[in-house]
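Structural overview
Spelled out, the chains give:
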Amino acid sequence: MAKKRKTRYKKRILKVKFDVDWSSLPQGIIEMIADKLPSIDRVSLSKVCRSWNDVLVKDLPCWQSHGLPWLLVSGEQSKESRTCISILDNRVWELKLSEAYGKCCWGSFQEWLIMVKDMNNFILEIKLLNPFTRSQVTLPPIWNLYHKIVLSGRPLENDFVCMLLHSQHKELAFYMPGVQSWLKHKLMGEPFEDAVFCKGSFYLLDKSSNIWQLDAKGICSSTSKGDVHLGSLFEPEIHFHEIKMPDLLQLNEVQILERHDENHILRYLVESCGEVFLVCRYFHPKQDRVLETQKFEVYSLDLCQLSWKKMEDLKDRMLYLGKCCSSSFSTEELGVGISNSIYFTNDQATPWWNEWDSDHLKDISTRLGLVKNVGRDWGNFKLGNDDGEPFSFRGNIEKWPYTWFTAPIWWYCKYVPPIQRV
Amino acid sequence: MSSSVEAITVLSSDGDEFKITVSAAKLSKPLNWMLEDVCFSDDCDEVPTIEVNSKTLVKVIEYCEKHAPRANSGASDSDAEELKKWDIEFMKMDVKDILFHILMAANYLHMEGLYDLACQTAADLMKGMTVSQIRKIFHIKNDFSSEEQEQLRRQHPGCSFD
């Protein structure tokens, strides 16, 4: 088919010969290939040769949400470095974090940690800290009565909004860049159990499993009208959705329902791929077995049908539960063959306790007459795995819960040898 | 460009001559520009050279001719399914010899579909492999200094680079 053409023809394009050298691939091609690989493989890729490493150690915006789940150990305020556990490859790191000295970790958003310092006189200083880039954002001081903090996104992004929640007082406080102090709002209705940000809105869960929705844009526009004065109440738009819980009959099989007590179910809202999940954590009702988790149930929010749909299968998702650090990962994106897994920490059954505000945990074992140091700090529950073995997780009651956060892939590419597959 | 021309002649970087239909050539942005730019009549002695070797150009043209009808007119789901299977067969090629050139060619010729396909093929070959396996498959030399690796090993005892 091909015949040699004589060279009398003018060549329109310069002939450039290149040798086959995969290490010399243009940056764009390496990025495109890496983009098609799970996180674990991307780390391996970065260790192949120097030029690939140069491309992959960059914190590119399109890869920003990619990372591996880590746990930050609690109770290390007086350390210059903090202990972190990479749970998928089961390794422990000491992360240099002098910025966090003297501060407690309240929660996280992706790789950002929410650090809190008690300034005495009931005032808190809240700093958002990225331990990998060392960026910091300081929020205005605030009363120490809130028990939950929710970020709308990464702190340096546009339209960033931060919300504080006080369950019993039904009080909310908002911060966005540009305002001098927190904007407060009182809600009607029942106390709130948890809150989450998803696709432009804050969602609040009340005790009857109904949802209160606050649009972030609405919050920002009510502040820009200029009618907000320092510390005054402001009125963002709120939508109330009465949500049906699914048939409770099947729960009756479980004995805990016979002695049903609200205190024994801890409810978490989790954002996962643009959906809102409700995760119910059932604690053993007996007082002497306090903090013993027996099972989890997951429901997804269906706002069209105004119902919580029970999920038997999490498919590609892994859930990570924590007081102010719940998140969700895609197993395919991570490159791990783990399905239907819920990872959780030794959360207290009383989520309004904060690490900095008192000595709640001091001598708690003795006070409750428990054996010291028998509990664990985190665990893993398989959803829908009914192999007959009763599930039991006994949390470490003497320690504040650890915080889930995300170690970015670029950081792994830069500082860590390849991840061993288990 | 004359509307009567249905195929044009191009040269590979090796100086070999190939025919490609106009509708297939339109899958590449630079070739499309060239079509608008140059008179391609039979007596025209100007033949564009594509900076791709003959072996690769044969494959690129094969891909273009296969995908052109769908790209120009849209296709049914069954056609799309058939095309997907064809793509998989098409990409069964030697890593060292052809895949690298296809990647570079698709990048250089701005062929979105082929570029994506070639990157996916390369990614699939890397998936689940250890670092040393990737080096072996793609004939890449470990050019990290022993000091660099030693330092990582010291910081992270028990980790291997394989």
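As the structure is a prediction and not an experimental result, all values here were calculated from the model.

Reading guide: rules and limits
The numbering scheme is per chain: residues are counted from 1 as the chain's sequence reads. Starting at A for chains and at 1 for ligands, labels are handed out in the order in which the entities are written. Given that the model is predicted, a residue must reach a pLDDT of at least 70 before its local features are reported, and side-chain atom pairs must reach 80 or more before they are shown or counted; all residues, however, enter totals for whole chains, interfaces and linings. Each side-chain value is worked out from all heavy atoms of the structure, with water and hydrogens disregarded. UniProt positions are given in the numbering used here, feature names are shortened, and annotations may be inferred rather than shown by experiment. Numbering of helices and strands runs from the N terminus; a helix is a DSSP stretch of H or I covering at least four residues, while a strand is a stretch of E covering at least two. A pocket, in this scheme, is an open set of points on a 1 Å grid over the protein atoms alone with protein on both sides within 12 Å along at least 5 of 7 lines, while a cavity is a set where a 1.4 Å probe fits but cannot get out; residues line either one if an atom lies within 4 Å of a point. Grid points are joined across faces, edges and corners, and a volume is the space filled by probe spheres set on the points. Polar here means any residue other than Ala, Val, Leu, Ile, Met, Phe, Trp, Tyr, Cys and Pro, which are nonpolar, and Asp, Glu, Lys and Arg, which are charged; Gly is therefore polar. Note on pairing: two strands pair once DSSP finds at least 2 bridges between them. Working convention: axes come from line fits to C-alpha atoms, limited for helices to the stretch in contact. Angles between N-to-C directions cover 0 to 180 degrees. Centres within 6.5 Å are what make two rings of Phe, Tyr or Trp a pair, Trp counting through its six-membered ring; a difference in plane orientation under 30 degrees is then read as stacked, over 60 as edge-to-face, and the rest as tilted. Here the term buried applies to any residue with accessible area under 20% of the maximum for its type, exposed to any over 50%, and partly exposed to those in between, with areas from a 1.4 Å probe on protein chains only. Any carboxyl oxygen of Asp or Glu within 4 Å of a side-chain nitrogen of Lys or Arg constitutes a salt bridge here.

Structural notes on the UniProt feature "domain: F-box" (unreviewed entry) in chain A
If you check UniProt for "domain: F-box" (unreviewed entry), the listed places come out as residues 19-66 of chain A in our numbering. Within residues 19-66 of chain A, the helical portion is 50% and the strand portion 0%, while the C-alpha atoms at the span's ends are 33 Å from each other.

Things to note about empty space enclosed by the protein
All names here are of chain A. Across all of its chains, the model carries five cavities of 30 Å³ or more by this definition. Of the voids in this model, the largest cavity is the one considered here, and its volume is about 300 Å³. Of all elements in the fold, only strand E4 (104-109), strand E13 (192-198) and strand E17 (265-272) reach the threshold of two or more residues within the lining of the largest cavity. Classifying every residue of the lining of the largest cavity gives 12 nonpolar, five polar and seven charged.

Some remarks on the sheet that holds strand E9 (residues 148-151) of chain A
Residue and element names in this part refer to chain A. One open sheet holds the four strands; their spatial order is E9-E10-E11-E12, and the pairing between them is antiparallel. What marks the edges here is a single partner per strand, and that holds for E9 and strand E12 (183-186). When the angles between neighbouring strand axes are averaged without regard to direction, this sheet yields 20°. Where strand E10 (residues 162-166) and strand E11 (residues 171-175) come together, five bridges link them in antiparallel fashion. Within E11, the residue paired with His166 across the bridge is Glu171.

Description of the packing of aromatic side chains
Evaluated as defined, the whole model comprises 32 aromatic pairs over all chains. Ring geometry for Phe296(A) versus Phe381(A): centroids 5.3 Å apart, planes at 55°, classification tilted. Here Phe296(A), found in strand E19 (residues 292-302), pairs with Phe381(A), found in strand E24 (residues 378-382); they are 85 residues apart in sequence, far enough to count as distant. Classification of Phe296(A) as buried rests on a relative accessible area of 3%. Centre to centre, the rings of Tyr63(B) and Trp86(B) are 6.4 Å apart; their planes meet at 45°, and the pair counts as tilted.

Examining the layout of surface pockets
All names here are of chain A. In this structure, the largest pocket encloses a volume near 960 Å³. Looking at the lining of the largest pocket, the elements that each hand over two or more residues are E4, E9, E13, helix H4 (216-224), E17, strand E22 (327-330), helix H5 (331-334) and strand E26 (403-408). Classifying every residue of the lining of the largest pocket by side-chain character gives 21 nonpolar, 17 polar and 10 charged.

Focus on the sheet that holds E13(A)
Residues and elements named next belong to chain A. Spatially, four strands are ordered E13-E14-E15-E16 in an open sheet, and the strand pairing comes out antiparallel. Among the strands making up the open sheet, the edge pair consists of E13 and strand E16 (238-241). Between one strand axis and the next, the sheet turns through 20° on average, direction left out of account. Sheet topology places E13 next to strand E14 (residues 201-206); six bridges connect them, and they run antiparallel. Each bridged residue has a counterpart across the sheet, and for Asp194 the counterpart in E14 is Leu205.

Thoughts on the pattern of salt bridges
All names here are of chain A. Across all of its chains, the model carries 17 salt bridges over all chains by this definition. Notably, a salt bridge pairs Lys79 with Glu94, separated by 3.3 Å at the nearest N-O pair. In this pair, Lys79 is assigned in the loop between strand E1 (67-72) and strand E2 (81-86) and Glu94 in strand E3 (residues 91-96), connecting sequence segments 15 residues apart. The exposure class of Glu94 is partly exposed, given its relative accessible area of 47%. A single network of salt bridges, built from pairs that share partners, joins Glu76, Lys79 and Glu94.

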